[in-house]
Amino acid sequence: MGDKDKLILAESAEALKNVNEKESSSKAPWYFASGFLLFWGLLFFAVVIPRFYKLPTPLTMEDAKRNVFIAERAYNNLYTLSNIGNKLTGSKQNEVDAVNFLLSELAQIKENLQEDIFEMEIDVSKVSGSFPYKTVLNMYRNVQSIVVKLTPKASNSENYLLVNSHYDSKPYTASAGDAGFMIVTMLEVLRVIASTKQTLEHPIVFLFNGAEENMMQASHGFVTQHKWASKCKVVVNLDAAGSGGREVLFQSGPNHPWLVNYYKKYAKHPFATTMAEEIFQSGIIPSDTDFRQFNMYGNIPGLDMAQIINGYVYHTKYDLSSVIPRGSLQNTGDNLLQLVRGLANATEINDMDAYKTGHAVFFDFLGLYFVHYSEGTGRSINFGVAGAVLIFIFISMWRMSAVSNASLCNVASWFILVIIVQIISFVLGLALPAVVAYGMDAFGLSLTYYSTPLLVVGLYVCPSLIGLSLPITLYYSVQRNEKISNAYHLQLALHSQALILALIVIAATVYGVRTTYIFVIPLASYMLSLAFNLLTTLHDRGYAWTGVLKLSQVIPFLYSSYVIYTFVVVLTPMGARAGSASNRDLYIAVLAAVGSVLSFGFLIPLINAFRKPSLVVLSLVLVTAISLYLASSTQIGFPYRPKTSGQRVAYLQVRSKYYEYDGTLSKDFSGYLFNFQDRREDTPFKGTKVNLTGLTSIKSKCEQHMMCGFPLFDYRYVQNRLQSKFLKRDEPVQIPEPPTTLTKMAKTNINATTVRLEFNVTGPTYLSLFIKPYEDVTISGWSFLSSELAKPPKAPLPYHIYVTHGVDITPLNFYVDLTKADGDFDVPVLQLGVSGHYIQSPGDAEAVKFASSFPSFCILAQWPAIYQRYIF
């Protein structure tokens, strides 16, 4: 190298040093860095939160002449319906009182019918049937529904639109939100349409079903047996996982994206996301809806919408009309009225197969605008954005090389180093909240945010921001590059973030994940800001490019925080009813981490454009430490509060009897079987009046006895049986009337190796049969659903026949055919258990006293149940 070259190199180095010094002096003061983060926090609380909870002004009876949805009338109906009380399938409240209320309202609607436009038919349906669901064969007998068909006289269409919801309840709830809210909304929509001189192309069937809570029995009965079911081509299903607020569209189709187009066209207050659809269908949400039955057994596509806000009162005695704002009814009513009218005029219904063209990607932006496109279009957008980002990153690096008088290889080598640092940041941003969740759970401190949601920020969001910011901040504090300016280095960090997101987008798109769009939004915004900076001189003018970047990230920040907040609102209450087997804190931690990465991934590195960025990191550490203290050492972190966010406590007042082969009673014991609904199980009761001395796990009993030797109620009790605990009591549990009985009626030899045993069962509305042959015996036939014999339950579970009676209770007669190779049936061949559940009974005096000892923050769901095991 000659003297001239050395001089040029020295001058270049000196020039770059001067640039870096100038950049350093141009950095904003350190106190603006914290203000920078606070700005985005304030933006969330000033824009996202108000938009999320915004409801329209409810209309009153003074507006009735306008032929619009009237929230006041719907609310009055809701008040009446919920005041009937607990509408358990099989109860008088459900089978008589609720039915009479609905028939009375329907009669009024029919009186005001535009008879020259419509014909209205009302059918009270009673159905019986069975189908497999989870761990049970779900059998229903004489469950009721009210089915209404509104037919436009000017149309000859034989293709119907179906609108469905349910009026029955879970035990011990008035079910104003789930789903009385949707029932009265349907009534009001039917009233408006039927009384308006506006004809339709297709008939509408309104299904007011009376047995959804027992694993969607009435909808199965309708879709498989009702005379109008085969002509229903599209369904709008309405349900709830909360009480109040806006309803969300969380399932569509399948394979009919045109339905989402109708939602866009007619939903006045859009609230929807493909992310909800994919999460719901993954099984993370511990719920299901009738939408499943219509799809599976009727091949009917449609739209599935539900209330989601205030899930704390869902399925509890606090699900009352008083907690539901009238604006919520107006919101859902406006949407449903226009959507039903739109779909009832849809030409696509005439030829459904012609429009079966795959899935849709859909989402709303703050309730202001609805976006949707086909899955194929989504793939093109995803690949296009990812590819464009990679191209712009290369152009940016080329510009850096040219401006800095450094080779492209030199810039690329620094870029690779920064990528490594950014990958570490990305991983830490996702991992640190999970570490906090695991740690809190290990110390028995799950759900500390349950009643104080703001703790989510300190426990999970701040650790994620620490992970995102710490590595890159440390890197910039030690790196000394004499060729590439600090501002360029900061751009390389953002390029690295973009590269990571682009690779995620490509991989997720190839895998078929439609939720990929949530990564595309911030990536596309970064691409646009980078393109603008490259087209101007901002790219090469120190930190001048950061202004455009910040502006470009406003929309991604608003949307990402909006959609993640939606799922935090939904999943937080669900964590207290999802069982004790899984750590639901981890779900919230992951959501907070993903939200932080999407909302701040391109923003948090910008703290290095301020002086002393380490102070921001230390501030985040301080907030996390304070939050951990509040969550672990103060009453703020105790999860439960009376009425507003209580602890769900589910247990059975059990009496178990074991009868041997010779008919003798070998065991007869009583106690309380707890099916804990959340991770904390019984620990919140310590120091209270409730006496749980002697509470033990039933896991060992599950290894010894069929169904653990207890009257496990439904699939939830079965799935959570290994976490269940039993508290024995000395005094036998008194079982109400009618008695649960199992009688062997006959034993018939069919052939040399097969025998038929016939039985009769009587008891309350809710019964279960547990059937398990001995090892050398097979069940070759029975009177239940024959296809289930080809799919034996996973060992050690027996066959579980879950039986619900609706409008009347009749004895259940059934048979079981047993085949044995040696033909010897004079030895034990079959275990058969029968359990009866007396759900609306408070139990005997001792059980009532025990229930009254629980603290005020507990929400009990408990009843007497008897289990009798026989050997034949």
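Procedures and definitions
- Residues numbered from 1 in each chain as written.
- Predicted model: local features only at pLDDT ≥ 70, side-chain atom pairs only at ≥ 80, totals over all residues.
- Heavy atoms only, no water.
- Helix = DSSP H or I, 4+ residues; strand = E, 2+ residues; numbered from the N terminus.
- Rg over C-alpha atoms; globule rule 2.2 N^0.38 Å.
- Buried < 20%, exposed > 50% of the residue type's maximum accessible area, 1.4 Å probe, protein only.
- Areas by Shrake-Rupley, 256 points an atom, 1.4 Å probe, with all protein chains shown as cover.
- Lys, Arg positive; Asp, Glu negative; His and termini not counted.
- Charge placed at Lys NZ, Arg CZ, Asp CG, Glu CD.
- Pairing = 2+ DSSP bridges.
- Axes fitted to C-alpha atoms, helices over the stretch in contact; angles between N-to-C directions.
- Contact = heavy atoms within 4.5 Å.
- Phe/Tyr/Trp six-rings, centres within 6.5 Å; stacked < 30°, edge-to-face > 60°.
- Lys NZ or Arg CZ within 6 Å of the ring centre and 35° of its normal.
- Parallel < 35°, antiparallel > 145°, perpendicular 65-115°, else oblique.
- Left-handed = near helix turned anticlockwise from the far one by under 90°.
- Patch = residues over 30% accessible without salt bridge, like charges linked within 9 Å, V, L, I, M, F, W, Y side chains within 5 Å.
- Salt bridge = Lys/Arg side-chain N within 4 Å of Asp/Glu carboxyl O.
- Disulfide = S-S within 2.5 Å.
- Nonpolar A, V, L, I, M, F, W, Y, C, P; charged D, E, K, R; others polar.
- Core = buried A, V, L, I, M, F, W, Y, C linked by side-chain atoms within 4.5 Å.
- pLDDT = per-residue confidence, 0-100.

## Considerations on the overall build of the chain
Next, step 1: Secondary structure assignment for the chain yields 22 helices and 21 strands.
Next, step 2: Taking 872 residues into account, the globule formula puts the C-alpha radius of gyration at 29 Å, and the chain, at 32 Å, falls close to it.
Next, step 3: The principal-axis extents of the C-alpha atoms in the chain amount to approximately 110 × 70 × 55 Å.
Next, step 4: Looking at the 872 residues of the chain, the share that counts as buried comes to 60%.
Next, step 5: Of the roughly 33400 Å² of accessible surface on the chain, a fraction of 59% belongs to carbon and sulfur atoms.
Next, step 6: Here the chain holds 70 positive side-chain charges and 65 negative ones, and the gap between their average locations is 6 Å.

## Here we look at the pairing of strand β1 (residues 118-133)
Successive residues of a regular strand alternate their side chains across the two faces of the sheet.
Next, step 1: Sheet topology places β1 next to strand β2 (residues 136-152); 15 bridges connect them, and they run antiparallel. Bridge pairing in β2 places Glu 121 opposite Lys 149.
Next, step 2: Counting the residues between successive antiparallel strands, the hairpin from β1 to β2 contains two residues, one of them, Lys 134, with a positive phi of roughly 55°.

## A few points about the sheet that holds strand β17 (residues 777-782)
Next, step 1: Read across the sheet, four strands follow the order β14-β15-β19-β17 without closing on themselves; strand pairing throughout is antiparallel. Looking at strand neighbours, the two that pair on one side only are β14 (741-751) and β17, the edges of this open sheet. Between one strand axis and the next, the sheet turns by 30° as a mean value, whatever way the strands run.
Next, step 2: Of the pairings in the sheet, the one linking β14 to strand β15 (residues 754-762) comprises nine bridges and is antiparallel in character.

## With respect to the side chain of Ser 145
Next, step 1: Of note, Ser 145 is situated in strand β2.
Next, step 2: Ignoring any residue separated from it by four or fewer positions in sequence, one finds Ser 145 in contact with Asp 123, Val 124, Ser 125, Tyr 167, Leu 207, Phe 208, Asn 209, Gly 210 and Ala 218.

## Regarding the packing of aromatic side chains
Next, step 1: A full pass over the atoms with the stated rule returns 60 aromatic pairs.
Next, step 2: On the numbers, 5.3 Å between centres and 35° between planes, the contact of Phe 784 with Phe 814 is tilted. One end of the pair, Phe 784, is in the loop between β17 and β18 (799-805); the other, Phe 814, is in strand β19 (residues 812-820), and 30 residues separate them in sequence.
Next, step 3: The class for Phe 784 is buried, based on a relative accessible area of 9%.
Next, step 4: Ring pairing ties together the aromatic residues Phe 44, Phe 45, Phe 52, Tyr 53, Phe 271, Phe 363, Tyr 517, Tyr 559, Tyr 562 and Tyr 565, which thus form one cluster.
Next, step 5: Seen from the ring of Phe 52, Arg 246 lies directly overhead, with NZ or CZ sitting 5.7 Å from the centre.
Next, step 6: For Lys 701, the ring lying beneath its charged end belongs to Phe 669, and the centroid distance is 5.8 Å.

## Concerning the packing of helix α11 (residues 375-404) against helix α14 (residues 486-511)
Next, step 1: Interaxial distance between α11 and α14 falls to 9 Å at its minimum, and their mutual angle equals 160°. It follows that α11 is roughly antiparallel to α14 by the angle criterion. For the pair α11 and α14, the sense of crossing is left-handed.

## Concerning the environment of Leu 598
Next, step 1: Following the sequence through the fold, Leu 598 ends up in helix α18 (residues 585-600).
Next, step 2: Taking the C-alpha atoms as reference, Leu 598 lies 9.7 Å from Val 520; in sequence the two are 78 residues apart.
Next, step 3: Those residues in contact with Leu 598 that sit more than four places away from it in its chain are Ile 518, Phe 519, Pro 522 and Ser 560.

## Quick look at a nonpolar patch on the surface
Next, step 1: A cluster of nonpolar residues, Ile 391, Phe 394, Ile 395, Trp 398 and Leu 408, forms a patch on the protein surface that exposes about 490 Å² of accessible area.
Next, step 2: With four residues, the single largest contributor to the nonpolar patch is α11.
Next, step 3: Turning to its location among the elements, Ile 395 is positioned in helix α11.
Next, step 4: Given a relative accessible area of 32%, Ile 395 falls into the partly exposed group.

## With respect to the state of the cysteines
Next, step 1: Under the criterion given, the structure shown has one disulfide.
Next, step 2: Between the sulfur of Cys 702 and that of Cys 708 lies a disulfide, 2.0 Å long from S to S. On the sign convention where negative is left-handed, the bridge of Cys 702 and Cys 708, at about 100° about the S-S bond, is right-handed. One exposure class covers both Cys 702 and Cys 708, and it is buried.

## Some words on the packing of helix α13 (residues 455-478) against helix α19 (residues 614-633)
Next, step 1: For the pair α13 and α19, interaxial distance at closest approach is 8 Å and the crossing angle is 150°. Here α19 runs roughly antiparallel to α13, going by the angle between their axes. Viewed along their axes, α13 and α19 form a crossing whose handedness is left-handed. Two secondary-structure elements touch here, α13 through Leu 455, Gly 458, Leu 459, Cys 462, Pro 463, Leu 465, Ile 466, Ser 469, Leu 470 and Thr 473 and α19 through Ser 614, Val 617, Leu 620, Val 621, Val 623, Thr 624, Ser 627, Leu 628, Leu 630 and Ala 631.
Next, step 2: Of the residues contributing to the contact of α13 with α19, the split by class is 14 nonpolar, six polar and no charged.

## Side note on the pattern of salt bridges
Next, step 1: A complete count under the given rule lists 22 salt bridges for this structure.
Next, step 2: Among the ionic pairs, Arg 191 bridges to Glu 188, the shortest N-O distance being 3.2 Å. Pair noted here: Arg 191 and Glu 188 are both in helix α5 (residues 176-194), with a separation of three residues, about one helical turn.
Next, step 3: Counted as one network, the salt bridges with shared partners bring together Arg 73, Glu 105, Glu 188 and Arg 191.

## Observations concerning the nonpolar core
Next, step 1: Met 275, Tyr 460, Tyr 517, Leu 523, Phe 674, Phe 850 and Phe 854 are the most contacted members of the largest nonpolar core, which totals 137 residues.
Next, step 2: With 13 residues, helix α17 (residues 554-574) is the single largest residue contributor to this core.
Next, step 3: Setting aside residues up to four positions removed in sequence, Tyr 517 forms contacts with Thr 273, Thr 274, Met 275, Val 361, Phe 362, Phe 363, Tyr 373, Tyr 559 and Val 563.
Next, step 4: Val 99, Val 163, Ala 267 and Leu 303 belong to the second-largest nonpolar core, a separate cluster that totals 67 residues.

## Thoughts on the side chain of Gln 497
Next, step 1: Checked against the element boundaries, Gln 497 lands in helix α14.
Next, step 2: Residue Gln 497 is classed as buried on the basis of its relative accessible area, which comes to 0%.
Next, step 3: Gln 497 has contacts with Gln 422, Phe 426, Val 597, Gly 601 and Phe 602, leaving out every residue within four places of it along the chain.

## As for the environment of Thr 644
Next, step 1: By the element assignment, Thr 644 lies in the loop between α19 and β10 (647-659).
Next, step 2: For Thr 644, a relative accessible area of 51% gives the class exposed.
Next, step 3: With 207 residues separating them along the chain, Thr 644 and Ala 437 place their C-alpha atoms 24 Å apart.

## A few points about the pairing of β2
Next, step 1: Counting buried residues in β2 gives 16 out of 17 residues, a clear majority hidden from the surface.
Next, step 2: Bridging between β2 and strand β4 (residues 204-209) involves six bridges; their strand directions are antiparallel. Within the sheet, the bridge partner assigned to Lys 149 lies in β4 and is Val 205.

## Quick notes on unusual backbone geometry
The phi torsion of most residues other than glycine is negative, and most of the peptide bonds are trans.
Next, step 1: The step from Glu 737 to Pro 738 runs through a cis peptide bond, and the omega angle for that step is -5°.
Next, step 2: Here Pro 738 shows up in the loop between β13 (725-729) and β14.
Next, step 3: The residue after Ala 795, namely Pro 796, is reached through a cis peptide bond having omega 5°.
Next, step 4: For Pro 796, the location among the structural elements is in the loop between β17 and β18.
Next, step 5: The phi angle at Asn 299 is positive, at roughly 55°, despite the residue not being glycine.
Next, step 6: Within the element layout of this structure, Asn 299 appears in the loop between α9 (291-298) and β7 (302-307).
Next, step 7: Classification of Asn 299 by relative accessible area gives exposed; the value is 61%.

## Focus on the confidence of the model for the chain
Next, step 1: On average, the chain scores 94 in pLDDT, and the residues at 70 or more come to 97%.
Next, step 2: Low pLDDT, under 50, characterises residues 5-13; the stretch is placed with four contacts to residues that sit more than four places away or in other chains.

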